[in-house]
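Structural characterization, general
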Amino acid sequence: MFSLTARTKNTQKREQIHQFLSDHPSTGVVTTEQEYSLLDPTTKLKMLIFLPPEFPQLPPSVRVLHDVTHPLLNARGEVVGDRGLQQWNAQSSLSQVITNILLQFKTTPPQKVRLRAPSTPVSNPNSNSNSPSPTNSSINSVSSPNQALNQLTTNPPTNQSVINQFEAQPHKVTATYERPKEFDELRLKSKEELESLATNEESFKDWFGGISEVQNKTQFLAEQMQRNAELASMTLSKEKEYTQLQSEVAELRKTYQEQKTLFDQMYAQQAQTANKLLNPQSLAQELQTAVNEAEKESEQIAEQLLDGKLTCSEFLKQFKEKRINFHVRTAKREMILAGKFQ
């Protein structure tokens, strides 16, 4: 039955996720039961782990959120070379697979992708290296590509020799920031080209969209949107089944309420009867009523004898039976009131 199978899959999925989060406490939840971010304290790598709707029947997808190279990774940073993911089945352990991937990263650390700046300056026979250039010094003092773009736009070089001098300057590449290749090419653009980028939105979009980092992020966003669309489509496809299950739950809840009401009534009656039977005062009162009835019946039998309605033998038999009941009930009542009856 589908509902039973679905519950079994959900149970397996939650158990896998619980074990994974227990073994990797540095994991952050991006989307519950779907997407998680993991920062490995040893390698300092941050990974994005996506669980498809069919998990654990289908394997998770793991992506490294750094520009690095490694035998396990493809060009988009997705882990494709791990044997655990390649041989994944419903009994595989998510926590163990991630642990093995981290161990491989620790054994063979990923290498950062570096964009090297030109090592040989560009020479220009028409340039005058001895003449000072305020514009050139101001350009060389920038600390980011955005500042370079702003200065080149607002204070453009006066002649081509200044651009050549700027290109001839050594590139300063630090460990914390490496200037992307696209921004190095930006410095070689003419004043008109820079003004076009600053004022023409279409030109800027074309140039900005050609940056490899932007293309990678755009592709990743498109993949995520496609996955979200698939999840939404799958959810809508189960709407009829969900409605049916909702009706079944409502019917079960109604039956439960009816049975509970009936049970409460029977329980109250049983409790009331038990109180009467177990309460000494109630028992004594019941016995007193029985004593009074035995006394009354004895008097009625005596009257019947006097009226000639009973013979002596009949009178003795019936009167003796009633008096025995009278005395037994009286004795029990006295014992109960004295607290001696068990």
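Check the entry above for the structure.
Attention in this report is confined to the structure presented alongside it.

Reading the values: the criteria
- Think of each chain on its own: its residues are numbered from 1, step by step along the sequence as written.
- Given that this is a predicted model, residues contribute local features only at a pLDDT of at least 70 and side-chain atom pairs are listed and counted only at 80 or more, while totals for whole chains, interfaces and linings are drawn from all residues.
- Calculated side-chain values reflect all of the structure's heavy atoms, with hydrogen atoms and water omitted.
- In short, DSSP must find at least two bridges between two strands for them to pair.
- To qualify as a helix, a DSSP run of H or I must reach at least 4 residues; to qualify as a strand, a run of E must reach at least 2; elements of each kind are numbered from the N terminus.
- Structural elements are reduced to axes, namely lines fitted to C-alpha atoms, with helices fitted over the stretch in contact, and the angle between N-to-C directions of any two is expressed from 0 to 180 degrees.
- Here, two residues are considered to be in contact whenever any of their heavy atoms come within 4.5 Å of each other.
- Definition used in this section: a nonpolar core is a set of buried Ala, Val, Leu, Ile, Met, Phe, Trp, Tyr and Cys residues joined via side-chain atoms within 4.5 Å.
- Buried, partly exposed and exposed residues are distinguished by accessible area as a fraction of the type maximum, computed with a 1.4 Å probe on protein chains only: under 20%, between the cut-offs, and over 50%, respectively.
- By salt bridge we mean one thing: a side-chain nitrogen of Lys or Arg within 4 Å of a carboxyl oxygen of Asp or Glu.
- Any two of the Phe, Tyr and Trp rings considered here, Trp counted by its six-membered ring, make a pair once their centres fall within 6.5 Å; the pair's planes then place it as stacked at under 30 degrees, edge-to-face at over 60, or tilted in between.
- Counting as a charge over the ring demands two things of the Lys NZ or Arg CZ atom: a distance within 6 Å of the ring centre and an angle within 35 degrees of the ring normal.
- Definition of a polar contact: a pair of N or O atoms within 3.5 Å, with one able to donate and the other able to accept a hydrogen when the atoms are protein atoms, and with sequence-neighbouring residues admitted only if both atoms are side-chain atoms.
- Expected helix span is given by 1.5 Å per residue-to-residue step, counting one fewer step than there are residues.
- Each direction from the helix axis to a C-beta atom contributes to the arc, which is the arc of those directions.

Now for the sheet that holds strand S3 (residues 46–50). What the 4 strands build is an open sheet, ordered S1-S2-S3-S4; its pairing is antiparallel. Strands at the two margins of the open sheet, each flanked by one partner only, are strand S1 (27–31) and strand S4 (61–64). Going across the sheet, the axis of each strand differs from the next one's by a mean of 25°, ignoring polarity. Taken together, the 4 bridges between S3 and S4 define a ladder with antiparallel strand orientation. Residue pairing across strands places Phe50 opposite Ser61, the latter belonging to S4. Sheet strands touched by helix H3 (residues 94–107): strand S2 (35–39), S3 and S4. Its angle to S3, the strand with the most contacts, is close to 155°.

Counting residues in each nonpolar core, the largest one holds 23 residues, and the members touching the most others are Met47, Val62, Val79, Ile98, Ile101 and Phe105. Mapped by element, the contributors of at least two residues to this core are helix H1 (2–23), S2, S3, S4 and H3. Ranked by residue count, the leading element in this core is H3, at 6 residues. Those residues in contact with Ile101, other than ones at most four positions away along the chain, are Met47, Val62, Leu72, Val79, Asp82 and Leu85.

Our focus in this paragraph is the pattern of salt bridges. Enumeration according to the criterion identifies 7 salt bridges in this entry. Notably, a salt bridge pairs Glu33 with Arg14, separated by 3.0 Å at the nearest N-O pair. Here Arg14 lies in helix H1 and Glu33 lies in the loop between S1 and S2, a separation of 19 residues in the sequence. By relative accessible area, which is 28% here, Glu33 ends up partly exposed. Given the relative accessible area of 46%, Arg14 is considered partly exposed. For the salt bridge of Arg76 with Glu78, the shortest nitrogen-to-oxygen distance reads 3.1 Å. Given a relative accessible area of 35%, Arg76 falls into the partly exposed group.

Below, the discussion takes up the packing of aromatic side chains. Enumeration according to the criterion identifies 6 aromatic pairs in this entry. Between the aromatic rings of Phe263 and Tyr267, the centroid separation amounts to 6.0 Å while the plane-to-plane angle is 25°, which identifies the pairing as stacked. With Phe263 and Tyr267 both in helix H11 (residues 239–278) and 4 residues apart, the pair spans about one turn of that helix. The class for Phe263 is exposed, based on a relative accessible area of 52%. Aromatic pair Phe315 and Phe319: ring centres 5.1 Å apart, planes at 25°, arrangement stacked. In this pair, Phe315 and Phe319 both sit in helix H13 (residues 312–338), 4 residues apart, roughly one turn of the helix. The exposure class of Phe315 is buried, given its relative accessible area of 14%. Phe319 gets classed as partly exposed once you look at its relative accessible area, which sits at 27%. Members of the aromatic cluster, each reached through a chain of ring pairs, are Phe204, Trp207 and Phe208. Residue placement shows Arg63 over the ring face of Phe220; its charged tip is 4.2 Å from the ring centre. Residue placement shows Arg227 over the ring face of Phe50; its charged tip is 4.5 Å from the ring centre.

Relative to the elements of secondary structure, His24 occurs in the loop between H1 and S1. A polar atom in the side chain of His24 sits 3.1 Å from the side chain of Thr99. Excluding anything up to four places from it in sequence, His24 contacts Leu38, Ser95, Ile98, Thr99 and Leu102.

Before going further, it helps to spend a moment on unusual backbone geometry. Omega for the peptide link from Phe55 to Pro56 comes to 10°, which places this bond in the cis form. At Glu33, a position not held by glycine, the phi torsion is positive, near 60°. The backbone of Lys44 shows a phi angle near 65°, a positive value even though the residue is not glycine. Residue position: Lys44 is located in the loop between S2 and S3.

This part is about H3. Spanning 14 residues, H3 covers 20 Å between terminal C-alpha atoms, matching the ideal 20 Å at 1.5 Å per step. Among all positions of H3, only Leu94, Ser95, Val97, Ile98, Ile101, Leu102 and Phe105 are buried. The arc enclosing the buried residues of H3, seen along the axis, measures out at 165°, which places them on a common side. In this structure, H3 carries Leu103, Lys106 and Thr107 as exposed residues pointing more than 90 degrees from its buried face.

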